[in-house]
Amino acid sequence: MSSPSAGKRRMDTDVIKLIESKHEVTILGGLNEFCVKFFGPRGTPYEGGVWKVRVHLPEHYPFKSPSIGFINKIYHPNIDEVSGTVCLDVINQAWTALYDLSNIFESFLPQLLTYPNPVDPLNGDAAAMYLHKPEEYRKKVADYVRRYATEEALREQDPTESSDSESSMSDFSEDEAQDMEL
């Protein structure tokens, strides 16, 4: 078993790695609580959408999985429309310390949006529509993207956010980001 300081170093390293991979990260309450700007994958009904995903890293991360949730609305069988909670087996049950935060934003979430699992839904209406009325499902997703998942919609949801005064971690230099580890 590793020491608590090793877990903290891994947490800091994973957050810095996520920032350096050009994801826009906004720190909320230290390096264990932050938001990541996530873009809908190409070739899906979510393409063109932009969401803020809240991430909370538990005390025993990376041995315990992070909690993630969409802040702005998204229509998807495996994402609760009200809370933004994500039903994703690889995060909820199959998480291993071999994974890191980049896996979530570069692999797991894009795959979830590309290949929804309507058999294990958090949003039963979205699952039924996905299975039985796929064209209607795509239209509803596109409507949600237009209404809730644009830069303008994000600014309206959070009036303190503006591109001029936003202090996201992606604005920090690499040296400043490394200083955050200390």
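Residues numbered from 1 in each chain as written. Predicted model: local features only at pLDDT ≥ 70, side-chain atom pairs only at ≥ 80, totals over all residues. Heavy atoms only, no water.

The name an unreviewed UniProt entry assigns to the chain is Ubiquitin-conjugating enzyme E2 H, from the organism Anopheles gambiae. The Sequence similarities (unreviewed entry) field of the UniProt record for the chain holds the comment "Belongs to the ubiquitin-conjugating enzyme family." Here is the UniProt Catalytic activity (unreviewed entry) comment for the chain, exactly as written: "S-ubiquitinyl-[E1 ubiquitin-activating enzyme]-L-cysteine + [acceptor protein]-L-lysine = [E1 ubiquitin-activating enzyme]-L-cysteine + N(6)-monoubiquitinyl-[acceptor protein]-L-lysine." (UniProt positions renumbered as here; feature names shortened; annotations may be inferred.)

Caption draft 1: How the structure looks around the overall build of the chain. Helix and strand content of the chain: 7 helices and 4 strands. By the burial criterion, 45% of the 182 residues in the chain qualify as buried. Put simply, of all contacts in the chain between residues at least 6 apart along the chain, 58% involve residues at least 24 apart. Total accessible area on the chain stands at roughly 10000 Å², and carbon and sulfur atoms take up 50% of it. (Helix = DSSP H or I, 4+ residues; strand = E, 2+ residues; numbered from the N terminus. Buried < 20%, exposed > 50% of the residue type's maximum accessible area, 1.4 Å probe, protein only. Contact = heavy atoms within 4.5 Å. Areas by Shrake-Rupley, 256 points an atom, 1.4 Å probe, with all protein chains shown as cover.)

Caption draft 2: Structural detail: the sheet that holds strand 3 (residues 50-56). Spatial strand order, 1-2-3-4: 4 strands in an open sheet with antiparallel pairing. The open sheet terminates on both sides in strands that have one partner only, identified here as strand 1 (25-27) and strand 4 (67-70). Going across the sheet, the axis of each strand differs from the next one's by a mean of 25 degrees, ignoring polarity. Here strand 1 runs beside strand 2 (residues 33-39); their pairing, made up of 3 bridges, is antiparallel. Bridge pairing in strand 2 links V25 to V36. Together, strand 2, strand 3 and strand 4 form the strand contacts of helix 3 (residues 101-114), whose direction differs from that of strand 2 by roughly 45 degrees. (Pairing = 2+ DSSP bridges. Axes fitted to C-alpha atoms, helices over the stretch in contact; angles between N-to-C directions.)

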